[in-house]
Amino acid sequence: MNDIWQYAALSNHQVIEAFKMVEYNRVRDNLKTLSASEVLASQITQASKAIRLSLEAIPDQMSANNVVEFFRSVHAPIYGATIPDTGATSQPIEDGGGLEPGNNECFQVLAMQITNGGGINPLEVSVTIGDVQYFAGALAPNQTIGVSDMNANLPFILSKGNALKFTTTAGTPTDLSALVSYNKTVQN
């Protein structure tokens, strides 16, 4: 610190006043009573206040960076990672139905099966993601096909706006029944 004051005095800069105006805050002290899961982003901002650029502020900047990284490690571990305890299987999906995440949700589709529940007629089915065809095929009466029969490339991620949809293109629409197994994921 003395070196800086001497440099400022010798170089005839007006840095001395800037050092006197630096707001000293101690980020870690302001957040020390909270656990990582309790810390909110707004609290980090509030605790950090304004950190001005100076050599004196470097420890506070480093503390703020450490707190932000610590917050991220708890609240957003790895984008695209599965959120624990969110695995689910859809209710039976009928013709025209499907699976679509809501706002701020992403689904990782793990498996699908399609069944022709009718006992008389074959069924032609189309599976789309958004408006793009993912699979098209025929099912014999009372046949169920799974991922390997569809040559499906799983797992894949769905986000809002890209619904997974099952449609009957030929046959009796009420004969179609589909199931989808999926997990919720951290947004990617």
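Now for a quick tour of the structure. Since the model is a prediction, treat every value here as computed from it, not as a measurement.

To continue, consider the sheet that holds strand β2 (residues 98–99). One key point about sheets: their strands pair by backbone hydrogen bonds, in either a parallel or an antiparallel sense. The sheet built from four strands is open, its strands ordered β2-β8-β4-β5 with antiparallel pairing. This sheet does not close on itself; its edge strands, each paired only once, are β2 and β5 (132–139). Both β2 and strand β8 (residues 164–170) contribute to a ladder of two bridges, which runs antiparallel. By the bridge assignment for β8, glycine 98 is matched with lysine 165.

This part takes up the pairing of strand β9 (residues 176–184). The pairing of strand β1 (residues 88–89) with β9 spans two bridges and is antiparallel. Along β9, the bridge assignment pairs threonine 89 with serine 181. Looking at chain direction, strand β3 (residues 106–116) and β9 are connected through nine bridges and run antiparallel. Residue methionine 112 lies in a different strand from β9, and its bridge partner there is valine 180.

Bringing the packing of aromatic side chains into the picture now. According to the stated counting rule, one finds two aromatic pairs in the structure shown. An angle of 35° between the planes, with centres 4.6 Å apart, marks the rings of phenylalanine 107 and tyrosine 182 as tilted. Remark: tyrosine 182 occurs in strand β9 and phenylalanine 107 occurs in strand β3; sequence separation between them is 75 residues. The class of tyrosine 182 is buried, set by a relative accessible area of 14%.

Criteria and thresholds
Residues numbered from 1 in each chain as written. Predicted model: local features only at pLDDT ≥ 70, side-chain atom pairs only at ≥ 80, totals over all residues. Heavy atoms only, no water. Pairing = 2+ DSSP bridges. Helix = DSSP H or I, 4+ residues; strand = E, 2+ residues; numbered from the N terminus. Phe/Tyr/Trp six-rings, centres within 6.5 Å; stacked < 30°, edge-to-face > 60°. Buried < 20%, exposed > 50% of the residue type's maximum accessible area, 1.4 Å probe, protein only.

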